Structures are given as C-alpha cells and as structure tokens.
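Analysis of the macromolecular model
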Amino acid sequence: MKKIIILLAMFFIAIPSQALTIDYTKDGSAQALVSKIGFNILNANRIPQRMVFYVKPDKKVVNAVTYFRDRQIVVYGGLLTYSDNEDELAAVIAHEISHAIDSYDGVLRGFFSPVTYSLKPKKYEYKADKRAVDFVVKAGYNPLAFITIMNKIDSQPRYELFSTHPLCSRRLAAVYEYIYTKYPQYLVQNEYKDNIYYQNFLLTSRENRLKLQEKVKNNSKKRIKYL
Ligand SMILES: [Zn+2]
C-alpha cells in the first residue's frame, strides 16, 4: 500500500568517538543495531508511545524517515554508510522518535497530526532537533554527534523558503546553542574536538557562534537569527 512520507529528515553521520562494532554488510546486523539504539532511547526516556524501527538497505538514500500512519521509523542504508559510530546513528534516530511521538498528538489517535506538521514544518524540525539532544543524553550517547552527522550529510541550499527543513547551518547553530546552554559538560570535555566534521562545523559556524557569544555576554533571552 502506498505510504505517505510525512517527514524527510536529512541526517547522516560522521566520525568517531567509538567506532561502530557491528558490520552492516552482514544481513540483519544493521537492523539489530538500529532496533537496539531505538529501543534504548525509548526506554531510557520513558517514552510511552509505541513505534518500530526498520532498516531499508538502499545505500543511495542517505536519510531516515518517519511514517506517521504506522509509526515506523525507517533508516536507509546510505545513512548507515555515513555513520561512524553509534552516537551519530542515535542522534538521527532520536530526531525521528520526536516526530513519531508527535504523530500521536490530537484527536482520533493523531489522525490530523500530519496536517498540523505540514502547517509549520520547520517548527517541528527545531523541536525534534532539541528533543533529540535530550533523548540521546538520557540514553548515554554524546549529543555532539548530532553536529558531526548533520554536518556530514545535510546539504546547504541558498534559501530555506520552499523547504520543509530549516537551513542546516541554522539547525546546527541551534543545536550547538542548546548543548552549550543545557549540557555544557560535553563542550568542556569535548570528545569530538579532533573530529574533522566537528572541526569543519567550528570553521563554518564562526559567525553564528559569535552571535551566541554576544547573547551570552549580554545575558539576553532574545532568539538569535542564525545565518
Ligand atoms: Zn525531521
């Protein structure tokens, strides 16, 4: 049956604090890994909504998708190829879990949740990014992996006007600010400081991080307009 893809979350992974121990090339091992990470996040965060995790081997698709109707989170083979460690994969799965939770919201078991999403898709992307940080921290993963995987896989179009997703540079800056504010310990003891994808984020986010520095200096609560 035709399924409606409500959300395309472009996430993909990068480098390593710990290398993945599972060989994805073996049948079933990728599925075991994705399910383990998914259920680990659900249980650690006491998430009461049901959802399932599937791997589709297509390596050309560097993506993960949440199907609102069936509460299925599908991780494509391309995303696995880009993932250098479990932290990175967990970051993407946690983002999708946020969408799957929201699919339950509203009347008739969330029947209209796709409509709600389609009205303000970017709002829900930011929400899922922040919630992903909370979810992975609680489940014992390093949230900086969100930055490395996204910096590796998500493109940077000129404008976000016609897109369902905010510009990746804005998402990364918002996630960085969230980690800086809520979980600064990960920046103090930064396991990702030598990661080339993290270093590239530092290089390309200089102006945005200066904006954050100003905000912190002025003790401002105003929302930053990131580039
Ligand atoms: Zn998303």
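Computed from a prediction, not measured in an experiment: that's the story for all the values here. (Residues numbered from 1 in each chain as written. Predicted model: local features only at pLDDT ≥ 70, side-chain atom pairs only at ≥ 80, totals over all residues.)

**Focus: the packing of helix 6 (residues 121-138) against helix 8 (residues 168-182)**
Running from amino to carboxyl end, helix 6 crosses helix 8 at an angle of 40°, the nearest separation of the two axes being 10 Å. Relative to helix 8, helix 6 is oriented oblique. Here helix 6 and helix 8 pass one another in a crossing that is right-handed. For the pair helix 6 and helix 8, contact is made by Glu125, Tyr126, Asp129, Lys130 and Val133 and by Arg171, Ala174, Val175, Tyr178 and Ile179, respectively. The class makeup of the residues in the contact of helix 6 with helix 8 is 6 nonpolar, no polar and 4 charged. (Axes fitted to C-alpha atoms, helices over the stretch in contact; angles between N-to-C directions. Helix = DSSP H or I, 4+ residues; strand = E, 2+ residues; numbered from the N terminus. Parallel < 35°, antiparallel > 145°, perpendicular 65-115°, else oblique. Left-handed = near helix turned anticlockwise from the far one by under 90°. Contact = placed C-beta atoms within 7 Å. Nonpolar A, V, L, I, M, F, W, Y, C, P; charged D, E, K, R; others polar.)

**Focus: the environment of Tyr54**
Mapping Tyr54 onto the fold places it in strand 2 (residues 52-56). A tally of 16 C-beta atoms within 10 Å means that Tyr54 is categorised as partly exposed. Along the chain, Tyr54 and Val75 lie 21 residues apart, while their C-alpha atoms are 6.2 Å from each other. Not counting the four nearest positions on each side in its chain, Tyr54 is found in contact with Gln72 and Val74. (Buried ≥ 20, exposed ≤ 12 C-beta atoms within 10 Å, placed from the backbone.)

**Some thoughts on helix 6**
For helix 6, which comprises 18 residues, the first-to-last C-alpha distance of 26 Å matches the rise-based estimate of 26 Å (1.5 Å per residue) to within 8%. Tyr124, Glu125, Ala128, Asp129, Arg131, Ala132, Val133, Phe135 and Val136 are the residues of helix 6 that are buried. Elements that come into contact with the buried residues of helix 6 comprise helix 1 (29-44), helix 3 (86-102), helix 5 (113-119), helix 7 (144-153) and helix 8. Among the residues trailing helix 6, Gly140 stands out with phi positive, at a value near 90°. (Expected span 1.5 Å × (residues − 1).)

**Points about unusual backbone geometry**
If you check the backbone angles, Leu108 has positive phi at about 50° while not being a glycine. Position of Leu108 among the secondary structure elements: in helix 4 (residues 107-110). Of note in the backbone geometry, Arg109 takes a positive phi value of approximately 60° without being a glycine. Topologically, Arg109 is positioned in helix 4. Under the C-beta neighbour-count criterion, Arg109 is labelled exposed, with 9 such atoms within 10 Å.

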